[in-house]
Amino acid sequence: MNIITIKKIAELANVSPGTVDRIIHNRGQAAQETVDKVNAIIEEFGYKRNILASNLALNKKFHFAVFLPKYEKLEYWRSQVEGIEKAALEFSKFGIVLDYFFYDFNAASFKESVKKVLEFDCDGLLFAPIFYEDSVQFLNEYKKKNIPVVMIDSNISNEDDHAYVGQDAFQSGYLAGRLISFAVKNERHVLIFKITREIESTSVYLQRIDGFYSFFKGNEELTNFKFSEVTIKDSGIDQMNLEMFSGISSIFVPNSRAYIVARFLEQNNIKGIRIIGYDLLNENIEYLNKGVIDFLINQRPESQGYMGINYLYKKLVLQEDAERTHYIPLEIILKENYFPARR
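Residues numbered from 1 in each chain as written. Predicted model: local features only at pLDDT ≥ 70, side-chain atom pairs only at ≥ 80, totals over all residues. Heavy atoms only, no water.

Visitor: Would you explain the overall build of the protein chain in this entry?
Guide: The secondary structure content of the protein chain amounts to twelve helices and twelve strands. Counting across all 343 residues of the protein chain, residues that qualify as buried make up 49%. Within the protein chain, counting contacts between residues at least 6 apart in sequence, those at least 24 apart form 70% of the total. (Helix = DSSP H or I, 4+ residues; strand = E, 2+ residues; numbered from the N terminus. Buried < 20%, exposed > 50% of the residue type's maximum accessible area, 1.4 Å probe, protein only. Contact = heavy atoms within 4.5 Å.)

Here it is, written out as structure tokens:
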């Protein structure tokens, strides 16, 4: 027998379907002998109630809180939201409702949004932990709610408390190191160019840099490399000068702002420097196609957003076990293999 129903279980146990339903859903009382008999039949024939049908019959709603940076002027986060909306539309017929909480890229706005999220009653949370210390504190407090949390973009949990969808940041930095090491014969001076907002102490940002250095530490035969670092604020791009690039052969930009470096090099007619960065932003693609940026590591932000909601759907609606960590494959994009449809 491949499928067994409540009615069939009742016939085999010689009880009413109502009694079987009460035992399955742990409602009301039944004699222990009857409970044991029904459970034995369920175990033998593998009954599994149709959770989706039950939810639809009850018109049950599942509220997912989405806690992200504001995306109107940020192409990367706009792509995340597009993926989230795609999943929400697909699963809306199963009672999924999204409630958004957006914050500006400053600590005060983040903390203000934290208060609202902590007060909001929901079934699951999708969260992008941009501010590292504040995010750790928030998750420790949110743990009291005892509801599923899935993080996207950055994984700040070393335990199995929460799910994560995104790249392995350390591994992506390691990959960037390998790409820069290719086709190198002479001494190479590598510049790690950090273009930051006020908040760039994020776990993902620092893990990329650690991974980058780790590649060279693990390949001791690469003795012809030396490294230096430059940090400028996102609002202080006028701090860039020609001296920064004197003697530089390769540049690693550990976030999505590689185009800022590429623009400066183009404007000053500086050629022969290999640049590697992240994300298929329109401005990055422009300089990739011009050959100023050599490599972009694509994080597939739309897929992250979609899969984050999909995790909560499986966990809460279908009540299925789902992998807590899903790493997005590391895509290496060159101008020769870039196609807009792959975003």
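Visitor: What is the right way to read the pattern of salt bridges from this model?
Guide: Charged atoms that come close allow side chains of opposite charge to pair. Counted under the stated rule, the structure contains eight salt bridges. Taken together, the shared-partner salt bridges in this structure form one network comprising E266, E286 and K290. (Salt bridge = Lys/Arg side-chain N within 4 Å of Asp/Glu carboxyl O.)

Visitor: How should I be thinking about the packing of helix 6 (residues 107-119) against helix 7 (residues 132-142) in this particular structure?
Guide: A packed helix pair is summarised by two numbers, namely the angle formed by the two axes and the spacing between the axes. Interaxial distance between helix 6 and helix 7 falls to 11 Å at its minimum, and their mutual angle equals 10 degrees. On the basis of the axis angle, helix 6 is roughly parallel to helix 7. Contacts between helix 6 and helix 7 involve A107, F110, K111, V114, V117 and L118 from the former and D134, S135, F138, E141 and Y142 from the latter. Partitioning the contact of helix 6 with helix 7 into residue classes produces seven nonpolar, one polar and three charged. (Axes fitted to C-alpha atoms, helices over the stretch in contact; angles between N-to-C directions. Parallel < 35°, antiparallel > 145°, perpendicular 65-115°, else oblique. Nonpolar A, V, L, I, M, F, W, Y, C, P; charged D, E, K, R; others polar.)

Visitor: What exactly am I supposed to notice about unusual backbone geometry here?
Guide: Glycine aside, residues mostly have negative phi angles, and peptide bonds mostly take the trans form. Even without being a glycine, N14 presents a positive backbone phi close to 60 degrees. On the basis of relative accessible area, N14 is assigned to the exposed category, the value being 70%. The backbone phi angle of D279 is positive, close to 80 degrees, even though this residue is not glycine. Relative to the elements of secondary structure, D279 occurs in the loop between strand 9 (274-278) and helix 11 (282-290).

Visitor: Would you mind showing me how to read the packing of helix 1 (residues 6-13) against helix 3 (residues 32-45) here?
Guide: Packing of helix 1 against helix 3 leaves a shortest axis separation of 10 Å and a crossing angle of 125 degrees. Considered as vectors, helix 1 and helix 3 are oriented oblique to each other. Helix 1 and helix 3 meet at a crossing whose hand is right-handed. Between helix 1 and helix 3, the contacting residues are I9, L12 and A13 on the first element and K37, V38, I41, I42 and F45 on the second. Along the lines of polarity and charge, the residues of the contact of helix 1 with helix 3 split into seven nonpolar, no polar and one charged. (Left-handed = near helix turned anticlockwise from the far one by under 90°.)

Visitor: What is the right way to look at helix 8 (residues 169-181) in this model?
Guide: Between its terminal C-alpha atoms helix 8 stretches 19 Å, which fits the 18 Å expected from 13 residues at 1.5 Å a residue. If you check which residues of helix 8 are buried, you get A169, S172, G173, L175, A176, G177, L179, I180 and S181. The distance from a side-chain oxygen at the start of helix 8 to the backbone nitrogen of F170 is 3.3 Å, and the residue carrying that oxygen is D168. (Expected span 1.5 Å × (residues − 1). Polar contact = N/O pair within 3.5 Å; in protein donor to acceptor, adjacent residues only side chain to side chain.)

Visitor: When you look at the sheet that holds strand 4 (residues 149-152) in this model, what are you seeing that I'm missing?
Guide: Hydrogen bonds between backbone atoms are what pair the strands of a sheet, whose relative direction is either parallel or antiparallel. Read across the open sheet, the six strands follow the order 2-1-3-4-5-11; overall the sheet is parallel. Bordering the open sheet on either side are strand 2 (96-103) and strand 11 (325-327), each of which pairs with just one other strand. Going from strand to strand, the sheet's axes swing by 15 degrees on average, the running direction of each strand aside. By the bridge criterion, three bridges tie strand 4 to strand 5 (residues 163-166) in an arrangement that is parallel. Within the sheet, the bridge partner assigned to M151 lies in strand 5 and is Y164. Of the strands in this sheet, strand 1 (62-69), strand 2 and strand 3 (124-127) are in contact with helix 6, which crosses strand 2 at around 150 degrees. Sheet strands in contact with helix 12 (residues 301-317) are strand 1, strand 2, strand 3, strand 4, strand 5 and strand 11, and its direction is about 155 degrees off that of strand 1. (Pairing = 2+ DSSP bridges.)

Visitor: Honestly, the pairing of strand 4 in this entry has me stumped. Any pointers?
Guide: Sheet faces and side chains relate simply in a regular strand, where the side chains alternate between the two faces. Side chains V149 and M151 of strand 4 all project onto a buried face; the interleaved residues V150 and I152 project onto the opposite face, where all are buried too. Where strand 3 and strand 4 come together, three bridges link them in parallel fashion. Paired with F127 across the strands is M151, a residue of strand 4. Crossover connection from strand 3 via helix 7 to parallel strand 4: handedness right-handed. (Right-handed = clockwise from strand over helix to strand, strands pointing away.)

Visitor: Just to check I follow, could you spell out the environment of K70 for this structure?
Guide: Position of K70 among the secondary structure elements: in the loop between strand 1 and helix 5 (75-91). By relative accessible area, K70 is classed as partly exposed at 36%. Placed 34 residues apart in sequence, K70 and D104 show a C-alpha to C-alpha distance of 5.7 Å. Setting aside its immediate chain neighbours within four residues, K70 contacts F102, Y103, D104 and F105.

Visitor: Looking at this model, I keep getting lost on the nonpolar core. Mind explaining?
Guide: Grouped burial of nonpolar side chains is what soluble globular proteins tend to show. F67, F193, F245 and I251 are the most contacted members of the largest nonpolar core, which has 80 residues in total. Apart from residues no more than four positions distant in its own chain, I251 is found in contact with I180, L191, F193, F245, V261, L265, I273, R274, I275 and I276. (Core = buried A, V, L, I, M, F, W, Y, C linked by side-chain atoms within 4.5 Å.)

Visitor: What's the story with the pairing of strand 5 in this structure? I'm lost.
Guide: Here strand 5 shows no split at all, with A163 and V165 on one side and Y164 and G166 on the other all buried. Bridge analysis of strand 5 against strand 11 gives three bridges, and the strand direction is parallel. Looking at the pairing, G166 lines up with Y327 of strand 11.

Visitor: Help me understand the sheet that holds strand 12 (residues 331-333) in this model?
Guide: The strand order 7-6-8-9-10-12 describes an open sheet built from six strands, whose pairing is mixed. Strands at the two margins of the open sheet, each flanked by one partner only, are strand 7 (225-233) and strand 12. Between one strand axis and the next, the sheet turns through 20 degrees on average, direction left out of account. Pairing of strand 10 (residues 295-298) with strand 12, which is carried by three bridges, proceeds in the antiparallel orientation.

Note that every value here comes from positions in space, so none of it alone points to a role or purpose.
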